[in-house]
Amino acid sequence: MKLNETIPGAKNFRWYEAVRSETAVRHGIANIPNSDQVASLEYSAQQILQPVRDQFGKIRVTSGFCCEDLAPFIPRRSSSNHCRGEAFDIEPVDRNVELFDIGIWIYENLKFRELIFEFLPFGWIHAAARKGANVQKVKIKDRNHDYDVVSIDYVKRYFNIG
């Protein structure tokens, strides 16, 4: 894995996007995945990032892989899909694209392990994919929910989505 190379099967994304971590930079931690985590990142990029990019245009990865050394600095990360290389937090670059639309589209069109609507409408979408274990779990995180497992219908009602 070379940071400036394109992720195989995810032509619009480079490895540095998958492992970028401001927390790692601040604490001087090398956020480097092992070979299993690289394989998981590649799979997740193919299953989540590239299809979302193809559908909605440019998206920004706000959080990707987090090595174990970052766990003490980021709540809930030691057991996170991010530590396994299976998850990305994303937001659209185009401000005309709604996070709700991305989340609903992922739910209706992709195989995923976990889909979290975090602090919407101005937060991000967390999407995780694990080969052989895409259980389609939907959650909400905001002032009223703490990663509560919900139905997609609940999400639509809660956010008043048509």
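Summary of the structure given here.

Remarks on the state of the cysteines
Evaluation of the coordinates by the stated rule reveals zero disulfides. For the unlinked cysteine Cys83, the closest cysteine sulfur is that of Cys66, found at 5.8 Å. Here Cys83 falls in the buried class, since its relative accessible area comes to 4%.

Points about helix H3 (residues 35-56)
The end-to-end C-alpha separation of H3 is 30 Å, in line with the 32 Å expected for 22 residues at 1.5 Å each. At Ala45, H3 shows its largest bend, some 40 degrees. The N-cap of H3, judged by a side-chain oxygen 3.0 Å from the amide nitrogen of Asp36 a few residues on, is Asn34. One or two residues past the end of H3 sits Gly57, with phi positive at roughly 85 degrees.

Concerning the side chain of Glu91
If you trace the backbone, Glu91 turns up in strand E4 (residues 87-92). Here Glu91 falls in the buried class, since its relative accessible area comes to 15%. There is a polar contact of 2.6 Å between the side chain of Glu91 and the side chain of Arg60. Not counting residues within four places of it along the chain, the set of residues in contact with Glu91 comprises Ile59, Arg60, Thr62, Leu99 and Gly123.

Describing unusual backbone geometry
Cis geometry marks the peptide bond from Leu120 to Pro121, where omega comes out at 15 degrees. Within the secondary structure, Pro121 is located in the loop between strand E5 (114-118) and strand E6 (124-128).

A word on the environment of Arg143
The topology assignment puts Arg143 in the loop between strand E7 (137-141) and strand E8 (146-150). Along the primary structure Arg143 and Lys2 are separated by 141 residues, whereas in three dimensions their C-alpha atoms are 39 Å apart.

Some thoughts on the packing of aromatic side chains
Tallying each qualifying case throughout the model produces seven aromatic pairs. For the pair Phe119 and Trp124, a centre-to-centre distance of 5.6 Å together with 50 degrees between the ring planes defines the contact as tilted. Taking the centre distance of 5.7 Å and the plane angle of 15 degrees together, the rings of Tyr154 and Tyr158 count as stacked. Here Tyr154 pairs with Tyr158, and both are found in helix H5 (residues 152-158), just four residues apart, close to one helical turn. By relative accessible area, Tyr154 is classed as partly exposed at 27%. Each member of the aromatic cluster is reached from another via a ring pair, and the members are Phe100, Phe117, Tyr154, Tyr158 and Phe159.

The rules behind each value
Residues numbered from 1 in each chain as written. Predicted model: local features only at pLDDT ≥ 70, side-chain atom pairs only at ≥ 80, totals over all residues. Heavy atoms only, no water. Disulfide = S-S within 2.5 Å. Buried < 20%, exposed > 50% of the residue type's maximum accessible area, 1.4 Å probe, protein only. Helix = DSSP H or I, 4+ residues; strand = E, 2+ residues; numbered from the N terminus. Expected span 1.5 Å × (residues − 1). Bend = angle between axes of the 7 residues up to and from the residue. Polar contact = N/O pair within 3.5 Å; in protein donor to acceptor, adjacent residues only side chain to side chain. Contact = heavy atoms within 4.5 Å. Phe/Tyr/Trp six-rings, centres within 6.5 Å; stacked < 30°, edge-to-face > 60°.

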